[in-house]
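Structural description and commentary
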Amino acid sequence: MIVNADVFVKDMPGQLVGSLEPISLVNGNIVGVVHNRDNKISGRIGVNITFEVGSAEDLERLKEIWEKRDVMISRMSSVTETFPTDCLLIGDISPSQIDKLMAKAAKAIDMRSVDIRYSSKTGEEKSAAMVSVSVRSKEDVLKFNAFMMSACKRSNITYIGSVR
Amino acid sequence: MMRIIIAGFGTVGQGLAETLHKKSNLLSSGHDPVRIVAAFDSKSFAIDTDGLDPMGLVTRKANTGSVGTKKLIDGTDVLDSVEYDVLIEASPTNIETGGAGLRHIEHALSRGKDVITVNKGPLALKFKELSRLAEKNKSSILYEGTVGGAMPIINLCRENLQGERVRSIRGIFNGTCNFILSRMDNGSPFEQTLKEAQQLGYAETDPRYDIEGIDTACKVVILANSIFKRNVKFSDVSITGITSVSTEAIALANDHDMVIRLIGEVSDTVLDVSPRLIPKGHPLSVSGTLNTAQILTDLAGPITISGKGAGRIETASAILSDLMTLMGRRR
Ligand SMILES: NC(=O)c1ccc[n+]([C@@H]2O[C@H](COP(=O)([O-])OP(=O)(O)OC[C@H]3O[C@@H](n4cnc5c(N)ncnc54)[C@H](OP(=O)(O)O)[C@@H]3O)[C@@H](O)[C@H]2O)c1
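Let us look at the structure shown here. All residue numbers refer to positions counted from 1 along the written sequence of the respective chain. Here the convention is simple: chains get letters from A, ligands get numbers from 1, in the order in which they are written. With the structure being a predicted model, the display of local features is reserved for residues of pLDDT at least 70 and the display and counting of side-chain atom pairs for 80 or more, all residues being used for whole-chain, interface and lining totals. By convention in this description, side-chain values take in all heavy atoms of the structure and omit both hydrogens and water.

**Looking at the overall build of chain B**
- Helix and strand counts for chain B stand at 13 helices and 13 strands.
- It is over C-alpha atoms that the radius of gyration is taken, and the globule rule equals 2.2 Å times the number of residues to the power 0.38. Rg of the C-alpha trace for chain B: 20 Å, near the compact-globule value of 20 Å for 331 residues, within the 12% margin.
- For chain B, the residues scored as buried account for 56% of the 331 residues in total.
- When checking whether two residues touch, look at their non-hydrogen atoms; a contact exists if any pair is within 4.5 Å. In chain B, the proportion of contacts linking residues at least 24 apart, taken out of those at least 6 apart, comes to 69%.
- Per element, the accessible surface of chain B, about 13600 Å² overall, is 48% carbon and sulfur.
- Neither His nor the chain termini are counted; the positive set is Lys and Arg, and the negative set is Asp and Glu. Where a charge sits is defined by one atom per residue type, namely NZ (Lys), CZ (Arg), CG (Asp) or CD (Glu). A distance of 4 Å separates the average location of the 37 positive side-chain charges in chain B from that of its 38 negative side-chain charges. Numbering of helices and strands runs from the N terminus; a helix is a DSSP stretch of H or I covering at least four residues, while a strand is a stretch of E covering at least two. Summary of the burial criterion: residues with accessible area below 20% of their type's maximum are buried, those above 50% are exposed, and those between are partly exposed, where the area comes from a 1.4 Å probe applied to protein chains only. Calculation of accessible area relied on Shrake-Rupley with a 1.4 Å probe; when residues are assessed, cover is drawn exclusively from the protein chains displayed.

If you want it as structure tokens, here you go:
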């Protein structure tokens, strides 16, 4: 799910980082950070953070960590649920080929975020790419997987889907 | 009395003989005593209507390479030459024709004999035909040992989960592939790990049957037909083996806190064998040679079972469970 939050941290060195770090502790991704020094209340400065977490439980854990670290949450909203899915591709693949494939996928499926990591190619082995996307619904997860599977089959790429 | 014939006296056949010897008290007290009236391997056979000594058969096989002293022409001749109640089929799996095992099973069922098979080939090719043949001749065919070895998946679904609707089953059904993939988690390359598996006796000299997903596909077909009442054959399964899984791919998965495992999946609409990404900590992320299955049911939710998927005594344990089922039916 994608969450937008206004938090207030103490205006001291290291506090901003201290408020962002817990997001990765709960395996979340930071989408954007707006740090507004003018928005200051009793020695604290406001930070607007947009981030993605895997589940409501992760969000609860994040809130607990923030509380312990004295990060005040003043607002949390625009919570959109997203459904993450990953697949791994193995074969003679190039980044440009994957980019084209993802552009095609984006036309058919509403994707909220896309992350692609490539293996560092060593020796004789075929390249590998991990494609992680977030989509709007469970149906879109199935649609995305079916799309990738048939595209890989056509291009002789091994498709490894995920079990959640 | 329960008179049995053991067809195939290799790893499993011998494991069964040892198990029957070990459990002789259990099998004779309160139940019909079990008597081995014949046993045969690829070249020889032994017959005794008064019962063969299980350990005597094992010793002769070890000393001479043959289970019997008489020359075998065809297994069905042995089946015709002695009165028996149950055929235990443990000859090699043949996924092209069903091999001798298919002929043995058809022969026994068509004469009203019960069959317990650990040989997957005949079921992966002709499940419906064999079930119909059994029904027509009022006999039974049981096959717990064909899927997951000692892991009691078929009986669990058919008996203990009777009131449930099983939505899907997905699992690790091949210990060799799981051994290879879990060794690769630590950076060992595929070829080297395969050699190691062969040296440890986990993989056959010709490992294609395991690593190309054929063995898992046979099991998925058996689950589809028996648990989901589908009418499918080996050729209906979409199969991807593990040969293209590279250490780089595994490292990428690891960066995302995931592992790669060969998963067999079956439901009313799915019939698939392929390597899959599994989050670390998920019940299907297990390492080593264990088999694990996750059964998704409508009422109880997910149920996970795990056990040794192969091995002489483990497979014999599954045969024993089927044997006890047949005994229960006779009472
Ligand atoms: N091993 C396991 O852990 C395991 C687990 C589950 C299921 N299974 C299945 O159980 C079956 C047996 O496996 P295994 O490991 O025991 O194999 P194995 O050690 O190779 O033994 C096969 C046995 O079958 C005999 N045989 C070969 N051709 C025959 C024929 N035409 N008629 C009668 N017997 C014949 C062989 O004779 P010789 O001794 O003369 O060669 C041998 O005794 C296979 O179908 C396998 O897929 C095995």
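Past the structure itself, the notes keep going.
**Some thoughts on helix H3 (residues 54-64) of chain B**
Residues and elements named next belong to chain B.
- What H3 keeps buried is the set Pro54, Leu57, Val58 and Lys61. All buried residues of H3 fall inside an arc of 100° around its axis, so they share one side. Opposite the packed face of H3, turned more than 90 degrees from it, sit the exposed residues Asn63 and Thr64.
- The inward-facing, buried residues of H3 contact helix H1 (11-22), strand S2 (34-40) and strand S3 (44-47).
- Looking one or two residues beyond H3, the residue adopting positive phi is Gly65, at roughly 85°. To obtain the arc, one takes the directions from the helix axis to the C-beta atoms.

**Notes on the site of the ligand**
All names here are of chain B.
- As a matter of local geometry, the ligand sits amid 22 residues, with Ser42, Lys61, Ser91, Thr93 and Gly311 nearest to it.
- Residues adjacent in sequence count toward polar contacts only when both atoms are side-chain atoms; beyond that, a polar contact is any pair of N or O atoms within 3.5 Å, and within protein one must be able to donate a hydrogen and the other to accept it. At a separation of 2.7 Å, an oxygen atom of the ligand approaches a polar backbone atom of Gly311.
- For the ligand, whose free accessible area comes to 900 Å², the fraction covered by protein is 74%.
- Put simply, the parts of the chain that give the shell around the ligand at least two residues each are H1 and helix H5 (99-110).
- Asp, Glu, Lys and Arg are counted as charged, while Ala, Val, Leu, Ile, Met, Phe, Trp, Tyr, Cys and Pro are counted as nonpolar; the rest, among them Gly, fall into the polar class. Along the lines of polarity and charge, the residues of the shell around the ligand split into eight nonpolar, 11 polar and three charged. By convention in this text, a residue qualifies as near a molecule or strand provided that one of its non-hydrogen atoms is within 4 Å of it.

**Observations concerning the packing of aromatic side chains**
- Only Phe, Tyr and Trp rings take part, Trp by its six-membered ring, and two of them pair if their centres are within 6.5 Å. Stacked means planes under 30 degrees apart, edge-to-face means over 60, and tilted covers everything else. Scanning all chains against the criterion turns up three aromatic pairs over all chains.
- When the centroid spacing of 5.9 Å and the interplanar angle of 90° are considered together, the rings of Phe51 of chain A and Trp66 of chain A count as edge-to-face. Placement of Phe51 of chain A in strand S3 (residues 44-52) and of Trp66 of chain A in helix H2 (residues 56-68) is noted, with a sequence separation of 15 residues between them.
- By relative accessible area, Phe51 of chain A is classed as buried at 0%.
- Ring plane angle 75° and centroid distance 5.5 Å describe the contact between Phe127 of chain B and Tyr143 of chain B, whose orientation is recorded as edge-to-face. Here Phe127 of chain B, found in helix H6 (residues 121-136), pairs with Tyr143 of chain B, found in the loop between strand S7 (141-142) and helix H7 (153-160); they are 16 residues apart in sequence, far enough to count as distant. In terms of burial, Phe127 of chain B and Tyr143 of chain B fall into one category: buried.

In short, the description is geometric, and any link to function would need to be established separately.
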